[in-house]
Amino acid sequence: MPTVRVFFALWPDATVASALSRIARRAAPPDARLMRAQTLHLTLAFIGDVPAERLPAIEAVGDQAVWPRCLLRLDQLGHWPHNQILWAGSLAPPDALAELANALSDGLRAIGMTLAPRPFVPHITLARRCRHAAAVDMPPVDWSVEGGVLAVSQRAPTGARYLMRRRWPAP
Ligand code: 2AM
């Protein structure tokens, strides 16, 4: 049975994405794998590989969620040595984001999806295979969040390729 790899996410517009890309280029060492600007995103709920026939039920979870309109100030640059990720985050993320992530995860579990029992840590991966990060200033990047997506991840030799399966605009 064909499977698809999917996740709910927030996708920034080109202005926010290019501001984050500029920061990533300054902070990541040359041998790190920078995310392309158009692939930058914030994952709300990672579902993983599912049979394609489950997609309508997963989309229905997105239909039932309240997609907030909020301001997310990205003002934190971090590095996780355990998975070699350089990331951008927020020192004060709006509560609406965790509420949305929890609602999506609850909805997915209610339709029988098994999710990793990881706490929601809102972050945007800027680079992978990043063994260390330069201590650079993080000029705040203001992102007006206005809805989200269900993304399909396809593995490609140059890194993951993402297709937008559905978009939910904030009301
Ligand atoms: P990451 O950037 O911190 O790796 C697509 O893979 C998105 O889902 C990425 O934003 C990734 O976060 C996130 N994700 C969360 N859990 C994952 C998992 N178990 N495997 C792969 N990606 C995961």
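Scroll up to find the structure.
Residues numbered from 1 in each chain as written. Predicted model: local features only at pLDDT ≥ 70, side-chain atom pairs only at ≥ 80, totals over all residues. Heavy atoms only, no water.

Enquirer: Would you mind showing me how to read the overall build of the protein here?
Expert: Scanning the protein from N- to C-terminus turns up three helices and nine strands. The order of α-helices and β-strands along the protein, N terminus first, is β-α-β-β-α-β-β-β-α-β-β-β. Computed over its C-alpha atoms, the radius of gyration of the protein comes to 16 Å, within 12% of the 16 Å expected for a compact globule of 171 residues. Taken along its principal axes, the extent of the C-alpha atoms in the protein is 45 × 35 × 30 Å. Within the span of the protein, comprising 171 residues, buried residues form 45% of the whole. Long-range pairs, those at least 24 residues apart, make up 79% of the contacts in the protein with a sequence separation of at least 6. Here the protein displays about 9200 Å² of accessible surface, and carbon together with sulfur accounts for 53% of that area. In the protein, the 19 positive side-chain charges and the 13 negative ones have mean positions that sit 9 Å from each other. (Helix = DSSP H or I, 4+ residues; strand = E, 2+ residues; numbered from the N terminus. Rg over C-alpha atoms; globule rule 2.2 N^0.38 Å. Buried < 20%, exposed > 50% of the residue type's maximum accessible area, 1.4 Å probe, protein only. Contact = heavy atoms within 4.5 Å. Areas by Shrake-Rupley, 256 points an atom, 1.4 Å probe, with all protein chains shown as cover. Lys, Arg positive; Asp, Glu negative; His and termini not counted. Charge placed at Lys NZ, Arg CZ, Asp CG, Glu CD.)

Enquirer: Would you mind going over the environment of H82 with me for this structure?
Expert: Within the element layout of this structure, H82 appears in the loop between β5 (76-80) and β6 (85-89). Along the backbone, H82 and R131 are 49 residues apart, and their C-alpha atoms lie at a distance of 9.3 Å. In terms of polar contacts, H82 uses its side chain to reach the side chain of N83, at 3.5 Å. (Polar contact = N/O pair within 3.5 Å; in protein donor to acceptor, adjacent residues only side chain to side chain.)

Enquirer: Looking at this structure, how should I read the pairing of strand β4 (residues 69-74)?
Expert: When a strand is regular, its side chains alternate between the sheet's two faces. Residues C70, L72 and L74 line the buried face of β4, whereas the alternating positions R69, L71 and R73 sit on a face that is not buried. For β4 and strand β8 (residues 141-154), the ladder comprises six bridges, and the chain directions are antiparallel. Bridge pairing in β8 links L71 to S144. (Pairing = 2+ DSSP bridges.)

Enquirer: Help me understand the side chain of S153, please; the structure alone is not making it clear to me.
Expert: Among the structural elements, S153 can be located in strand β8. Owing to a relative accessible area of 13%, S153 belongs among the buried residues under this scheme. In contact with S153, not counting residues within four places along its chain, are R5, F7, A160, R161 and Y162.

Enquirer: Could you clarify how one ought to interpret the site of the ligand in this entry?
Expert: Neighbouring the ligand are R5, F7, H41, T43, F46, I85, R118, H123, T125 and R128. Take T43: an N or O atom from its side chain is 2.6 Å from an oxygen atom of the ligand. Taking H123, its side chain carries an N or O atom lying 2.6 Å from an oxygen atom of the ligand. Summarising the interface, the protein chains cover 75% of the accessible area of the ligand, which totals 460 Å² for the free molecule. (Near = heavy atom within 4 Å.)

Enquirer: I keep staring at the side chain of H41 and nothing clicks. Help me out?
Expert: Among the structural elements, H41 can be located in the loop between β2 (33-34) and β3 (42-51). Residue classification places H41 among the buried positions, given a relative accessible area of 8%. Within the structure, H41 has its side chain in polar contact with the backbone oxygen of T39 (distance 2.8 Å). Among the polar contacts made by the side chain of H41, one reaches the side chain of T43 at a distance of 3.4 Å. Excluding anything up to four places from it in sequence, H41 contacts F7, A9, L10, W11, P12, M35, H123, I124, T125 and Y162.

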